Amino acid sequence: MNKQLKPQLDDQLFALTSVETKEELIEALDKSARLLGFDYFAYGLRVTFPYSAPRFELVNNYPLEWQTSYTSNDYLSVDPTVRHGMQSIAPLIWEESIFEDARDFWEDANSYGLSHGWAQSSFTSFGVSGMLTLARSGEALSPVELREKTPLLVWFNQLAQMGLQKYLLPDLAPATKIELTQRETEIMRWTADGKTAYEISVILGIAERTVNFHLNNVLSKFQVNNKIAATARAVSLGLI
(Lines give C-alpha, C1' and ligand atoms only; values in the text may rest on other atoms or scores of the structure.)
Protein backbone atom coordinates (compact mmCIF):
# COMPACT_ATOMS: atom_id res chain seq x y z
CA MET A 1 0.00 0.00 0.00
CA ASN A 2 1.16 3.51 -0.77
CA LYS A 3 2.80 4.78 2.42
CA GLN A 4 1.52 8.29 1.75
CA LEU A 5 -2.03 6.95 1.54
CA LYS A 6 -1.88 5.00 4.81
CA PRO A 7 -2.19 8.01 7.19
CA GLN A 8 -5.05 9.40 5.09
CA LEU A 9 -6.85 6.06 5.25
CA ASP A 10 -6.26 5.73 8.99
CA ASP A 11 -7.73 9.20 9.52
CA GLN A 12 -10.72 8.38 7.33
CA LEU A 13 -11.45 5.13 9.15
CA PHE A 14 -11.16 6.90 12.50
CA ALA A 15 -13.59 9.54 11.23
CA LEU A 16 -16.24 6.83 10.97
CA THR A 17 -16.47 6.86 14.77
CA SER A 18 -17.49 10.51 14.93
CA VAL A 19 -20.21 10.86 12.28
CA GLU A 20 -23.53 12.17 13.57
CA THR A 21 -26.04 11.12 10.90
CA LYS A 22 -26.74 8.14 8.68
CA GLU A 23 -26.04 10.26 5.60
CA GLU A 24 -22.62 11.30 6.94
CA LEU A 25 -21.83 7.68 7.73
CA ILE A 26 -22.71 6.48 4.22
CA GLU A 27 -20.57 9.24 2.70
CA ALA A 28 -17.67 8.26 4.96
CA LEU A 29 -18.07 4.58 4.09
CA ASP A 30 -17.99 5.42 0.39
CA LYS A 31 -14.78 7.43 0.80
CA SER A 32 -13.14 4.76 2.97
CA ALA A 33 -14.01 2.04 0.46
CA ARG A 34 -12.40 4.02 -2.35
CA LEU A 35 -9.27 4.68 -0.31
CA LEU A 36 -9.05 0.93 0.24
CA GLY A 37 -9.11 0.41 -3.51
CA PHE A 38 -12.77 -0.50 -4.07
CA ASP A 39 -15.45 1.16 -6.16
CA TYR A 40 -18.42 -0.02 -4.14
CA PHE A 41 -19.52 -0.96 -0.66
CA ALA A 42 -22.66 -2.69 0.54
CA TYR A 43 -23.91 -3.45 4.02
CA GLY A 44 -26.77 -5.88 4.61
CA LEU A 45 -28.45 -6.09 8.01
CA ARG A 46 -30.58 -9.10 8.98
CA VAL A 47 -32.88 -9.29 11.99
CA THR A 48 -33.97 -12.83 12.83
CA PHE A 49 -37.35 -11.96 14.27
CA PRO A 50 -40.12 -12.49 13.47
CA TYR A 51 -38.63 -15.94 12.88
CA SER A 52 -41.10 -16.79 10.10
CA ALA A 53 -40.12 -13.70 8.13
CA PRO A 54 -36.68 -12.26 9.00
CA ARG A 55 -36.22 -8.63 8.02
CA PHE A 56 -33.44 -7.21 5.88
CA GLU A 57 -32.04 -3.76 5.23
CA LEU A 58 -29.43 -3.00 2.58
CA VAL A 59 -27.31 0.14 2.28
CA ASN A 60 -24.92 0.49 -0.66
CA ASN A 61 -23.51 2.70 -3.40
CA TYR A 62 -24.00 0.16 -6.19
CA PRO A 63 -25.23 1.36 -9.60
CA LEU A 64 -28.97 1.95 -9.43
CA GLU A 65 -29.55 -0.48 -12.30
CA TRP A 66 -27.82 -3.26 -10.36
CA GLN A 67 -29.82 -2.48 -7.23
CA THR A 68 -33.01 -2.79 -9.26
CA SER A 69 -31.85 -6.04 -10.89
CA TYR A 70 -30.82 -7.51 -7.52
CA THR A 71 -34.26 -6.82 -6.07
CA SER A 72 -36.40 -7.72 -9.07
CA ASN A 73 -34.57 -11.03 -9.64
CA ASP A 74 -34.61 -11.90 -5.92
CA TYR A 75 -30.85 -12.42 -5.99
CA LEU A 76 -30.82 -12.28 -2.20
CA SER A 77 -32.16 -15.84 -2.16
CA VAL A 78 -29.36 -17.20 -4.39
CA ASP A 79 -26.42 -14.93 -3.54
CA PRO A 80 -23.69 -17.33 -2.32
CA THR A 81 -21.86 -14.55 -0.48
CA VAL A 82 -24.96 -13.97 1.65
CA ARG A 83 -25.24 -17.69 2.31
CA HIS A 84 -21.61 -17.77 3.43
CA GLY A 85 -22.10 -14.70 5.62
CA MET A 86 -25.04 -16.28 7.44
CA GLN A 87 -22.88 -19.25 8.41
CA SER A 88 -19.41 -17.85 9.03
CA ILE A 89 -17.55 -14.70 10.03
CA ALA A 90 -14.51 -15.73 7.97
CA PRO A 91 -13.69 -13.16 5.25
CA LEU A 92 -14.77 -14.26 1.79
CA ILE A 93 -12.84 -13.39 -1.36
CA TRP A 94 -14.91 -13.48 -4.52
CA GLU A 95 -13.83 -16.23 -6.88
CA GLU A 96 -15.73 -17.50 -9.90
CA SER A 97 -16.00 -20.97 -8.38
CA ILE A 98 -18.08 -19.55 -5.53
CA PHE A 99 -20.78 -18.60 -8.03
CA GLU A 100 -21.00 -21.93 -9.90
CA ASP A 101 -24.58 -22.49 -8.72
CA ALA A 102 -25.63 -18.90 -9.42
CA ARG A 103 -24.32 -18.24 -12.91
CA ASP A 104 -27.06 -15.78 -13.90
CA PHE A 105 -26.41 -13.77 -10.76
CA TRP A 106 -22.64 -13.77 -11.36
CA GLU A 107 -22.89 -12.75 -15.03
CA ASP A 108 -25.36 -10.01 -14.19
CA ALA A 109 -23.10 -8.67 -11.43
CA ASN A 110 -20.14 -8.65 -13.80
CA SER A 111 -22.10 -6.67 -16.36
CA TYR A 112 -22.36 -3.86 -13.80
CA GLY A 113 -18.66 -3.88 -12.95
CA LEU A 114 -18.92 -6.06 -9.85
CA SER A 115 -16.16 -8.53 -10.65
CA HIS A 116 -13.92 -8.72 -7.60
CA GLY A 117 -14.84 -8.41 -3.96
CA TRP A 118 -14.26 -9.01 -0.28
CA ALA A 119 -16.96 -9.68 2.30
CA GLN A 120 -17.21 -10.40 6.01
CA SER A 121 -20.13 -10.76 8.38
CA SER A 122 -20.56 -10.35 12.11
CA PHE A 123 -23.16 -11.49 14.62
CA THR A 124 -24.42 -9.69 17.71
CA SER A 125 -25.85 -11.18 20.87
CA PHE A 126 -29.36 -9.96 20.11
CA GLY A 127 -30.37 -11.83 16.97
CA VAL A 128 -28.88 -9.40 14.48
CA SER A 129 -26.29 -10.13 11.82
CA GLY A 130 -24.70 -7.94 9.22
CA MET A 131 -22.32 -8.30 6.30
CA LEU A 132 -20.04 -5.76 4.69
CA THR A 133 -19.08 -6.24 1.04
CA LEU A 134 -16.48 -4.27 -0.90
CA ALA A 135 -16.36 -4.68 -4.68
CA ARG A 136 -14.63 -3.33 -7.76
CA SER A 137 -14.33 -3.82 -11.49
CA GLY A 138 -10.55 -3.61 -11.79
CA GLU A 139 -7.88 -6.11 -10.86
CA ALA A 140 -8.47 -9.18 -8.74
CA LEU A 141 -7.28 -9.04 -5.13
CA SER A 142 -3.75 -10.39 -5.06
CA PRO A 143 -2.21 -12.24 -2.10
CA VAL A 144 0.10 -9.27 -1.55
CA GLU A 145 -2.79 -6.80 -1.45
CA LEU A 146 -4.76 -9.01 0.90
CA ARG A 147 -1.79 -9.39 3.23
CA GLU A 148 -1.35 -5.62 3.38
CA LYS A 149 -5.01 -4.64 3.61
CA THR A 150 -6.70 -7.39 5.63
CA PRO A 151 -6.13 -5.69 9.03
CA LEU A 152 -7.61 -2.47 7.64
CA LEU A 153 -10.50 -4.31 5.98
CA VAL A 154 -11.39 -6.06 9.24
CA TRP A 155 -11.20 -2.76 11.12
CA PHE A 156 -13.32 -1.07 8.46
CA ASN A 157 -15.85 -3.88 8.73
CA GLN A 158 -16.22 -3.48 12.49
CA LEU A 159 -16.59 0.31 12.28
CA ALA A 160 -19.16 -0.03 9.50
CA GLN A 161 -21.12 -2.65 11.46
CA MET A 162 -21.20 -0.50 14.59
CA GLY A 163 -22.16 2.66 12.78
CA LEU A 164 -24.85 1.26 10.50
CA GLN A 165 -26.46 -0.86 13.20
CA LYS A 166 -26.66 2.28 15.34
CA TYR A 167 -28.67 4.07 12.65
CA LEU A 168 -30.62 1.16 11.14
CA LEU A 169 -31.65 -0.95 14.13
CA PRO A 170 -33.97 1.49 15.92
CA ASP A 171 -36.43 1.41 13.00
CA LEU A 172 -35.78 -2.13 11.79
CA ALA A 173 -35.78 -3.82 15.20
CA PRO A 174 -37.25 -1.67 17.99
CA ALA A 175 -37.23 -4.79 20.20
CA THR A 176 -33.46 -4.49 20.58
CA LYS A 177 -34.13 -1.54 22.92
CA ILE A 178 -36.30 -3.59 25.27
CA GLU A 179 -35.05 -4.13 28.81
CA LEU A 180 -36.29 -6.60 31.40
CA THR A 181 -36.37 -6.00 35.13
CA GLN A 182 -34.30 -8.23 37.38
CA ARG A 183 -37.40 -10.20 38.42
CA GLU A 184 -38.61 -10.55 34.82
CA THR A 185 -35.18 -11.81 33.79
CA GLU A 186 -35.15 -14.33 36.61
CA ILE A 187 -38.59 -15.65 35.74
CA MET A 188 -37.79 -15.86 32.03
CA ARG A 189 -34.67 -17.88 32.74
CA TRP A 190 -36.67 -20.45 34.66
CA THR A 191 -39.33 -20.38 31.93
CA ALA A 192 -36.63 -21.11 29.36
CA ASP A 193 -35.70 -24.15 31.46
CA GLY A 194 -39.25 -25.42 31.06
CA LYS A 195 -40.57 -24.56 34.51
CA THR A 196 -44.27 -23.79 34.98
CA ALA A 197 -45.51 -20.66 36.71
CA TYR A 198 -46.30 -22.74 39.79
CA GLU A 199 -42.85 -24.33 39.85
CA ILE A 200 -41.21 -20.92 39.46
CA SER A 201 -43.30 -19.56 42.33
CA VAL A 202 -42.01 -22.35 44.58
CA ILE A 203 -38.39 -21.86 43.49
CA LEU A 204 -38.51 -18.09 44.03
CA GLY A 205 -40.76 -18.16 47.08
CA ILE A 206 -43.40 -15.86 45.59
CA ALA A 207 -47.06 -16.25 44.69
CA GLU A 208 -47.97 -17.93 41.41
CA ARG A 209 -50.07 -14.90 40.48
CA THR A 210 -46.95 -12.75 40.90
CA VAL A 211 -45.08 -14.99 38.45
CA ASN A 212 -47.94 -14.68 35.95
CA PHE A 213 -48.00 -10.91 36.46
CA HIS A 214 -44.36 -10.63 35.44
CA LEU A 215 -44.82 -13.06 32.56
CA ASN A 216 -47.67 -10.97 31.22
CA ASN A 217 -45.51 -7.86 31.46
CA VAL A 218 -42.83 -9.59 29.38
CA LEU A 219 -45.40 -10.69 26.79
CA SER A 220 -46.60 -7.10 26.56
CA LYS A 221 -43.06 -5.73 26.13
CA PHE A 222 -42.31 -8.20 23.33
CA GLN A 223 -45.80 -7.86 21.83
CA VAL A 224 -46.23 -11.63 21.64
CA ASN A 225 -49.11 -13.90 22.67
CA ASN A 226 -47.48 -16.67 24.67
CA LYS A 227 -44.48 -17.44 26.82
CA ILE A 228 -42.89 -19.70 24.16
CA ALA A 229 -42.58 -16.74 21.80
CA ALA A 230 -41.48 -14.51 24.68
CA THR A 231 -38.75 -16.97 25.67
CA ALA A 232 -37.48 -17.24 22.10
CA ARG A 233 -37.39 -13.44 21.80
CA ALA A 234 -35.60 -13.03 25.15
CA VAL A 235 -32.97 -15.57 24.12
CA SER A 236 -32.42 -14.05 20.68
CA LEU A 237 -32.04 -10.59 22.22
CA GLY A 238 -29.48 -11.86 24.72
CA LEU A 239 -31.66 -10.83 27.65
CA ILE A 240 -31.47 -14.19 29.42
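Residues numbered from 1 in each chain as written. Predicted model: local features only at pLDDT ≥ 70, side-chain atom pairs only at ≥ 80, totals over all residues. Heavy atoms only, no water.

Peer 1: Sorry if this is basic, but what is going on with the layout of surface pockets here?
Peer 2: To find leftover empty space, one rolls a probe the size of a water molecule over the atoms. Each pocket or cavity is described by its volume, and for the largest pocket that value is around 530 Å³. In terms of lining residues, the largest pocket is bounded by 31 residues, among which G44, L58, Y70, L76 and V82 are the most central. When residues of the lining of the largest pocket are traced back to their parent elements, those giving at least two are β1 (40-47), β2 (55-60), α3 (64-72), α4 (80-85), α5 (103-111) and β5 (128-136). (1 Å grid on protein atoms, 1.4 Å probe; cavity = no way out; pocket = protein on both sides within 12 Å on 5 of 7 lines; lining within 4 Å. Points joined across faces, edges and corners; volume = space filled by probe spheres on them. Helix = DSSP H or I, 4+ residues; strand = E, 2+ residues; numbered from the N terminus.)

Peer 1: It is not clear to me how unusual backbone geometry should be interpreted in this structure. Could you clarify?
Peer 2: Trans peptide bonds make up most of the peptide bonds, and negative phi angles are found at most residues other than glycine. Here the phi dihedral of D74 falls at roughly 50°; this positive angle occurs in a residue that is not glycine. Positionally, D74 belongs in the loop between α3 and α4.

Peer 1: Looking at this structure, how should I read the packing of α3 against α5?
Peer 2: Helix packing for two helices is described by the angle between their axes and how far apart those axes are. One way to put it is that α3 packs onto α5 with a least axis distance of 10 Å and a crossing angle of 165°. As far as their axial angle goes, α5 and α3 are roughly antiparallel. The hand of the α3/α5 crossing is right-handed. Contact with α3, carried on its side by W66, S69 and Y70, involves F105, D108 and A109 of α5 and no other residues of that element. (Axes fitted to C-alpha atoms, helices over the stretch in contact; angles between N-to-C directions. Parallel < 35°, antiparallel > 145°, perpendicular 65-115°, else oblique. Left-handed = near helix turned anticlockwise from the far one by under 90°. Contact = heavy atoms within 4.5 Å.)

Peer 1: Would you mind showing me how to read the pattern of salt bridges here?
Peer 2: Two side chains carrying opposite charge are able to pair once their charged atoms lie near each other. Applying the stated rule across the entire model yields six salt bridges. Residues participating in the shared-partner salt-bridge network are R136, E145 and K149. (Salt bridge = Lys/Arg side-chain N within 4 Å of Asp/Glu carboxyl O.)

Peer 1: Honestly, the packing of aromatic side chains in this entry has me stumped. Any pointers?
Peer 2: Two numbers describe a pair of aromatic rings. These are the distance of the centres and the angle of the planes. On inspection of all chains with the given rule, the structure shows 12 aromatic pairs. A ring pair is formed by Y70 and Y75, whose centres lie 6.0 Å apart and whose planes are at 70°; its orientation type is edge-to-face. On the basis of relative accessibility, which here comes to 15%, the residue Y70 falls in the buried class. Under the relative-accessibility criterion, Y75 is labelled buried at 8%. Relative to F105, the ring of Y75 lies with its centre 5.1 Å away and its plane at 75°, an arrangement referred to as edge-to-face. Of this pair, Y75 sits in the loop between α3 and α4 while F105 is found in helix α5, placing the two residues 30 residues apart along the sequence. The same class applies to Y75 as to F105, namely buried. Counting every residue linked through ring pairs, the aromatic cluster contains W66, Y70, Y75, W94, F99, F105, W106 and Y112. (Phe/Tyr/Trp six-rings, centres within 6.5 Å; stacked < 30°, edge-to-face > 60°. Buried < 20%, exposed > 50% of the residue type's maximum accessible area, 1.4 Å probe, protein only.)

Peer 1: Would you mind showing me how to read the sheet that holds β2 here?
Peer 2: Ordered in space as β2-β1-β5-β4-β3, the five strands form an open sheet in which the pairing is antiparallel. In this open sheet, the two edge strands, each paired with only one partner strand, are β2 and β3 (92-93). By the bridge criterion, eight bridges tie strand β4 (residues 116-123) to β5 in an arrangement that is antiparallel. Each residue of the ladder has a partner; that of W118, found in β5, is L134. Across the sheet, helix α2 (residues 22-35) lies against β1, β2 and β5, angled at about 130° from β1, the strand it touches most. (Pairing = 2+ DSSP bridges.)

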